[in-house]
Amino acid sequence: DAKTTQPPSMDCAEGRAANLPCNHSTISGNEYVYWYRQIHSQGPQYIIHGLKNNETNEMASLIITEDRKSSTLILPHATLRDTAVYYCIVRVHNAGNMLTFGGGTRLMVKP
Amino acid sequence: GAVVSQHPSWVICKSGTSVKIECRSLDFQATTMFWYRQFPKQSLMLMATSNEGSKATYEQGVEKDKFLINHASLTLSTLTVTSAHPEDSSFYICSAAPGQRSPQAFFGQGTRLTVV
């Protein structure tokens, strides 16, 4: 799986959009970008994934650059409950669901 | 969505004793489950891949005789920490998916092990 680089921490005001960047400059053509998050003392939770097109679901939006070397996860209206560590993972779609976690970004949503 | 349940959520044990952690897929079958370990302020590290009906596959540096994995059914994998020591204190997390082509993995809530 390609390596990803994320800022170690970010702050966001409650109600504002949280934009979490991820660099994956060595991504291969058959690798997807996945985002998971881990709230303190819980197991990780899937958020969203994409290949090359932008994606949106009820939790977030994923913007992937045209060259696919970076992406941004957007939480449109962050709440205090969105405080968590967010992991950007690049992997082949059907790689048996084994995930390699990097350091992630610790997002702190503040009132 | 699919649910993966771990039990217990937390456990405290004495040095030298063994602890068993269960991971169940509640509404799907999983031929493969994964066990991760997470130390404080660190990321998740894959320990082993649990395969139903066959031996587990361990990552480099993980002692298979210390971390016994049994995947006896399509909905249950167990991790037994044998002869636990304080350095085994950690957050243990399992994951599973309804098939290798599933777009997402589902994680248990984790088990906090403290060895005293």
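Shown above is the structure to which this text applies.
Here goes a summary of the coordinates provided. Going along each chain's sequence as written, the residues are numbered from 1 onward. Numbering of ligands from 1 and lettering of chains from A proceed in the order in which they are written. Restriction of local features to residues with pLDDT of at least 70 applies here, the model being predicted, together with a cutoff of 80 or more for giving and counting side-chain atom pairs; totals for whole chains, interfaces and linings are based on all residues. Here the side-chain values reflect all heavy atoms present in the structure, with hydrogen atoms and water set aside.

## Description of the state of the cysteines
Residue and element names in this part refer to chain A.
Line of reasoning, step 1. Disulfide: a pair of cysteine sulfur atoms within 2.5 Å of each other. Under the definition given, this model contains two disulfides over all chains.
Line of reasoning, step 2. Disulfide partner of Cys-22: Cys-88, at an S-S distance of 2.1 Å. The sign of the -80 degrees torsion about the S-S bond sets the Cys-22-Cys-88 disulfide as left-handed. Here Cys-88 lies in strand E8 (residues 84-92) and Cys-22 lies in strand E2 (residues 18-23), a separation of 66 residues in the sequence. Only runs of H or I of at least four residues qualify as helices and only runs of E of at least two qualify as strands under DSSP, and these elements are numbered from the N terminus.

## Overview of the sheet that holds strand E3 (residues 31-38) of chain A
Backbone-to-backbone hydrogen bonds join strands into a sheet, with any given pair of strands oriented parallel or antiparallel.
Residues and elements named next belong to chain A.
Line of reasoning, step 1. What the five strands build is an open sheet, ordered E1-E9-E8-E3-E4; its pairing is mixed. At either margin of the open sheet sits one strand with a lone partner, and together these are strand E1 (9-13) and strand E4 (45-50). For this sheet the average axis-to-axis angle between neighbouring strands, irrespective of direction, equals 25 degrees.
Line of reasoning, step 2. Note on pairing: DSSP must find at least two bridges between two strands before they are called paired. The pairing of E3 with E8 spans eight bridges and is antiparallel. Residue pairing in the sheet places Tyr-34 in a bridge with Ile-89 of E8. The convention used is that axes are lines fitted to C-alpha atoms, helices contributing only their stretch in contact, and that angles between N-to-C directions extend from 0 to 180 degrees.

## Here we look at the nonpolar core
Line of reasoning, step 1. Nonpolar core, defined: a set of buried Ala, Val, Leu, Ile, Met, Phe, Trp, Tyr and Cys residues in which side-chain atoms within 4.5 Å join the residues together. When a residue's accessible area, from a 1.4 Å probe over protein chains only, is under 20% of the maximum for its type it is buried; when over 50% it is exposed; and in between it is partly exposed. Residues Val-4, Trp-35, Phe-67, Leu-79, Tyr-92 and Leu-113 of chain B are the most contacted members of the largest nonpolar core, which totals 25 residues.
Line of reasoning, step 2. Here, two residues are considered to be in contact whenever any of their heavy atoms come within 4.5 Å of each other. Here Leu-113 of chain B is in contact with Val-11, Cys-13, Val-19, Val-81, Asp-88, Ser-89, Ser-90 and Tyr-92 of chain B, once residues within four sequence places are set aside.

## What about the interface of chain A and chain B?
It is common to report an interface's size as the accessible area lost on association of the parts.
Line of reasoning, step 1. In this complex, chain A contributes 19 residues to the contact, which on the side of chain B involves 21 residues.
Line of reasoning, step 2. Take a side-chain nitrogen of Lys or Arg and a carboxyl oxygen of Asp or Glu: if they are within 4 Å of each other, that pair is a salt bridge. Inspection of the chain A/chain B interface yields zero salt bridges.
Line of reasoning, step 3. Polar contact criterion, stated in full: a pair of N or O atoms within 3.5 Å, where within protein one must be able to donate a hydrogen and the other to accept it, and residues adjacent in sequence count only if both atoms are side-chain atoms. Run the count over chain A and chain B and you get five residue pairs in polar contact (both at pLDDT 80 or more).

## Points about the environment of Ala-56 of chain B
All names here are of chain B.
Line of reasoning, step 1. Tracing the sequence through the fold places Ala-56 in the loop between strand E5 (45-51) and strand E6 (57-58).
Line of reasoning, step 2. Distance in space between the C-alpha atoms of Ala-56 and Ser-102 is 21 Å, their sequence separation being 46 residues.
Line of reasoning, step 3. Those residues in contact with Ala-56, other than ones at most four positions away along the chain, are Thr-49, Ser-50, Asn-51 and Ile-69.

## Observations regarding the environment of Thr-32 of chain B
All names here are of chain B.
Line of reasoning, step 1. Mapping Thr-32 onto the fold places it in strand E4 (residues 32-38).
Line of reasoning, step 2. Given the relative accessible area of 17%, Thr-32 is considered buried.
Line of reasoning, step 3. Beyond its immediate stretch of four places on either side in the chain, Thr-32 contacts Thr-49, Ser-50, Asn-51, His-71 and Ala-96.

Functional significance is not addressed by these values, which are geometric in nature.
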